[in-house]
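Listed below, chain by chain, are the residues.
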Amino acid sequence: MDIFNLFANRSKYFILFLGTFLLIVVAVINYVVGKELNFRILYLIPLSLITWYAGVRPGLILTLLCSILEVIIKIKHGFEHTHFIFFYVDGFVTFGIFAAYVLILWKLRAALDEVQISNEELKKSNEIKNEFIELAVHDLKNPLSNIIGLSGIINEEENLKKGEIKELSRRIYSSSERMIRVVNNLLMNREIELEKLRVNLEQFDLIPIIEDIIDQNKSAAAAKEISVNFNSSDKSLFVYADINLMSQVVDNLLSNALKFSPKGKNVWIRAKKLQPEEILNGGLNVKIEILDEGPGISDEDKKKLFGRFAKLSAKPTGNEHSTGIGLFLVKKFVEAMNGKVWCESELNNGAKFIVALTNR
Ligand SMILES: Nc1ncnc2c1ncn2[C@@H]1O[C@H](COP(=O)(O)OP(=O)(O)OP(=O)(O)O)[C@@H](O)[C@H]1O
Ligand SMILES: [Mg+2]
């Protein structure tokens with residue numbers, strides 16, 4: 001029988017009550033009979049219940065009470081000792097036994113609590129993993145079916161015009177891009193979970209990186225007739241960061257701006273070195289801003305924005321995929337590069353995401 005589960009479904013107060021009740025019963029019997037030594041072992045039963053389920057500390061107090069009770073009983077019925085000193089020694093020994101007993105239980109309980117905590121953590125991380133795998137499989141299935149379908153058309157249709165082939169291959173390309181994004185996020189999420197995110201900080205020019213990302217998102221912007229405007233006050237803008245992570249940060253923010261904006265709107269990317277009086281805490285002196293004219297973000301949504309699997313009120317406007325992991329990764333990446341990221345937005349009034357970093 002599993003002793004730990006014996007009372008698992010009972011309330012703590014019931015166990016406390018039961019233990020205290022038994023303790024009083026034993027003490028009363030001792031007092032009345034006057035032969036305390038014969039019943040000493042019986043204290044262990046109620047005490048074990050109380051100490052175990054009440055989180056030990058009250059158990060220790062009860063142990064003390066128990067010892068005092070025993071001394072009182074002995075004062076009343078202490079005739080069995082040939083010398084009075086034995087009666088004190090005996091009381092002391094009893095207290096020692098109880099105290100040691102309580103200490104053992106204390107340790108045992110702490111160990112059990114620890115096991116329980118790590119068990120819960122394990123369960124949680126397993127749930128996160130399962131949820132992510134489900135989402136990833138779901139997100140990979142659609143573009144993969146697209147690719148199979150579209151390439152099938154190219155293969156089987158004999159009379160396709162050049163323009164039609166171009167359009168089909170553009171759609172294949174965009175589906176493949178979608179897949180590589182999901183796979184990248186999946187890999188990065190795993191690195192974060194294992195606390196093995198590789199960060200290679202170096203000084204590099206951010207301008208060509210941003211231009212590259214804008215180029216990669218060109219077809220997504222064109223599909224929605226969104227114009228992406230990039231202006232930087234500087235010709236080159238150096239940051240001290242990780243090129244790969246920084247590209248993914250800009251890509252996630254830009255793809256969000258495109259994904260959640262309606263057709264025909266504008267997106268702006270600004271990057272600048274801050275003036276001495278503008279420098280932020282921690283010496284953050286480079287700022288990158290991505291602004292859109294989309295639905296904006298409510299205060300309620302803002303609280304969850306950078307959480308894992310946060311799919312909030314704003315939904316993709318052009319059937320794009322949404323896993324809800326992008327901004328979670330953005331925050332982790334920016335923090336790994338010793339920077340800061342935040343969002344300024346009002347509902348129905350567009351969104352502005354700001355990334356601040358240092359240049360050395
Ligand atoms: N620019 C934005 N305007 C309005 N809402 C946004 C914007 N960016 C993000 N959101 C909201 O925050 C949620 C979380 O964004 P996040 O980038 O983490 O996930 P996602 O874009 O839905 O999916 P994924 O990035 O994994 O493909 C989005 O689902 C959306 O509701
Ligand atoms: Mg996103």
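These remarks concern the structure in this document. Each chain carries its own residue numbering, running from 1 in the direction its sequence is written. Each chain is given a letter, starting from A, and each ligand a number, starting from 1, according to the order in which they appear as written. Local features in a predicted model are, by the rule used here, given only for residues with pLDDT of at least 70; side-chain atom pairs are given and counted only at 80 or more, and totals for whole chains, interfaces and linings are based on all residues. Only hydrogens and water are set aside; all other atoms, that is, all heavy atoms of the structure, feed into the side-chain values.

Regarding a negative patch on the surface
On the surface, a cluster of negative charge is contributed by Glu 156, Glu 157, Glu 158 and Glu 164. The numbering of helices and of strands both runs from the N terminus, where a helix is a DSSP run of H or I of at least 4 residues and a strand a run of E of at least 2. Mapped onto the secondary structure, Glu 156 falls in helix α5 (residues 84-156). Overall, Glu 156 belongs to the exposed group, its relative accessible area being 65%. For patch building, the residue pool is restricted to those with more than 30% relative accessible area and no salt bridge; the joining distance is 9 Å between like charges and 5 Å between nonpolar side chains (Val, Leu, Ile, Met, Phe, Trp, Tyr). Where accessible areas are quoted, they stem from the Shrake-Rupley method and a 1.4 Å probe; at the residue level, only the protein chains shown are allowed to cover. The working definition used for a salt bridge is a side-chain nitrogen of Lys or Arg within 4 Å of a carboxyl oxygen of Asp or Glu. His is not counted, nor are the chain ends, whereas Lys and Arg count as positive and Asp and Glu as negative. A charged residue contributes its charge at one atom only: NZ of Lys, CZ of Arg, CG of Asp or CD of Glu. Each residue is placed in one exposure class: buried if its accessible area under a 1.4 Å probe, protein chains only, is under 20% of its type's maximum, exposed if it is over 50%, and partly exposed if it falls in between.

Brief notes about the packing of aromatic side chains
Two rings belonging to Phe, Tyr or Trp (six-membered ring only in the last case) form a pair when the distance between their centres is within 6.5 Å. Interplanar angles under 30 degrees mark stacking, angles over 60 mark edge-to-face geometry, and anything in between is tilted. What the rule picks out here adds up to 1 aromatic pair. Centroid distance Phe 306 to Phe 353: 6.4 Å. Interplanar angle 80°. Geometry classified as edge-to-face. In this pair, Phe 306 sits in the loop between α10 (299-302) and α11 (326-336) while Phe 353 sits in strand β7 (residues 351-357), placing the two residues 47 residues apart along the sequence. Note on accessibility: Phe 306 and Phe 353 belong to one class, buried. To sit over a ring, a charge needs its Lys NZ or Arg CZ within 6 Å of the ring centre and within 35 degrees of the ring normal. When the ring centre of Phe 306 is taken as origin, the NZ or CZ atom of Lys 331, which lies over that ring, is 5.4 Å away. The positively charged end of Lys 340 is found above the aromatic ring belonging to Trp 342, 5.5 Å away from the centroid.

Let's talk about the environment of Glu 191
Relative to the helices and strands, Glu 191 is located in helix α6 (residues 162-193). For Glu 191, a relative accessible area of 15% translates into the label buried. Only heavy atoms enter the contact rule, under which two residues are in contact if any of them lie within 4.5 Å. Leaving out residues up to four positions away in the same chain, Glu 191 has contacts with Lys 196, Leu 197 and Arg 198.

A word on the site of ligand 1
In these notes, residues near a molecule or strand are those with any non-hydrogen atom within 4 Å of it. For ligand 1, the set of nearby residues contains 20 residues, the closest of which are Asn 256, Lys 259, Ala 310, Ala 314 and Ser 322. Definition of a polar contact: a pair of N or O atoms within 3.5 Å, with one able to donate and the other able to accept a hydrogen when the atoms are protein atoms, and with sequence-neighbouring residues admitted only if both atoms are side-chain atoms. Within the side chain of Asp 292, one N or O atom sits 2.9 Å away from a nitrogen atom of ligand 1. With the chains in place, 98% of the 600 Å² that ligand 1 exposes on its own is no longer accessible. The element contributing the most residues to the shell around ligand 1 is helix α9 (residues 243-260), with 3 residues. When residue character is reported, Ala, Val, Leu, Ile, Met, Phe, Trp, Tyr, Cys and Pro are called nonpolar, Asp, Glu, Lys and Arg charged, and the others, Gly included, polar. The residue inventory of the shell around ligand 1, partitioned by class, reads 10 nonpolar, 7 polar and 3 charged.

Quick notes on the nonpolar core
Formed by 53 residues in total, the largest nonpolar core has its most connected members in Met 246, Val 249, Phe 353 and Val 355. The biggest single contributor to this core is α9, with 8 residues. In this view, Met 246 contacts Phe 204, Leu 206, Ile 288, Met 337, Val 355 and Leu 357; residues no more than four positions away in its chain are not counted. The definition of a nonpolar core used throughout is a set of buried Ala, Val, Leu, Ile, Met, Phe, Trp, Tyr and Cys residues joined through side-chain atoms within 4.5 Å. Ile 147, Leu 150, Leu 168 and Met 179 belong to the second-largest nonpolar core, a separate cluster that totals 5 residues.

Some words on the sheet that holds strand β5 (residues 286-292)
DSSP-based pairing: two strands are paired if at least 2 bridges between them are found. Within the open sheet, the 5 strands sit side by side as β2-β4-β5-β7-β6. Their pairing is mixed. Of all the strands in the sheet, the pair left with one neighbour each is β2 (227-232) and β6 (340-345). Neighbour to neighbour, the strand axes of the sheet diverge by 15° on average, direction disregarded. Relative to strand β4 (residues 266-273), β2 is paired through 6 bridges, and the arrangement is parallel. Paired with Phe 230 across the strands is Ile 269, a residue of β4. Running over the sheet, helix α7 (residues 206-216) touches β2, β4 and β5 and is turned about 175° from β2. Axis geometry follows a simple rule: fit a line to the C-alpha atoms, using only the stretch in contact for helices, then measure angles between N-to-C directions, giving values from 0 to 180 degrees.

Quick notes on the pairing of β6
Burial along β6 is one-sided: Val 341, Cys 343 and Ser 345 are buried, while Lys 340, Trp 342 and Glu 344, pointing the other way, are not. Across 6 bridges, the pairing between β6 and β7 is antiparallel. Its bridge partner lying in β7, Glu 344 is registered against Lys 352. If you look at the hairpin formed by β6 and β7, you'll find 5 residues sitting between the two strands, and Asn 348 has a positive phi there, around 70°.

Things to note about the pattern of salt bridges
All told, the structure shown has 13 salt bridges when counted by the stated rule. Between Glu 320 and Lys 224 there is a salt bridge, with its nearest N and O atoms 2.8 Å apart. Of the two residues, Glu 320 sits in the loop between α10 and α11 while Lys 224 sits in the loop between α8 (218-223) and β2, which places them 96 residues apart along the sequence. Relative accessible area serves as the criterion here: at 7%, Lys 224 is assigned to the buried category.

Observations concerning unusual backbone geometry
Even without being glycine, Asn 319 reaches a positive phi, approximately 65°. By secondary structure assignment, the location of Asn 319 is in the loop between α10 and α11. Judged by its relative accessible area of 71%, Asn 319 falls in the exposed class. With a phi angle near 60°, Asn 338 is a residue other than glycine that sits in the positive phi range. For Asn 338, the position within the fold is in the loop between α11 and β6. A relative accessible area of 54% means that Asn 338 is categorised as exposed.

Looking at the packing of α6 against α11
Orientation of α6 relative to α11, taken along the N-to-C sense of each, is 50°, at an axis distance of 11 Å. Considering the angle they form, α6 stands oblique to α11. Crossing hand, α6 versus α11: left-handed. Counting all contacts with α6, which are made through Asn 185, Met 188, Asn 189 and Ile 192, the residues of α11 involved are Phe 328, Leu 329, Lys 332 and Phe 333. Counted by class, the contact of α6 with α11 contains 5 nonpolar, 2 polar and 1 charged residues. Angles are sorted into four bins: roughly parallel if under 35 degrees, roughly antiparallel if over 145, roughly perpendicular if 65 to 115, and oblique for all others. For any helix crossing, the convention is left-handed if the near helix is rotated counterclockwise from the far helix by under a right angle, and right-handed if that rotation is clockwise.

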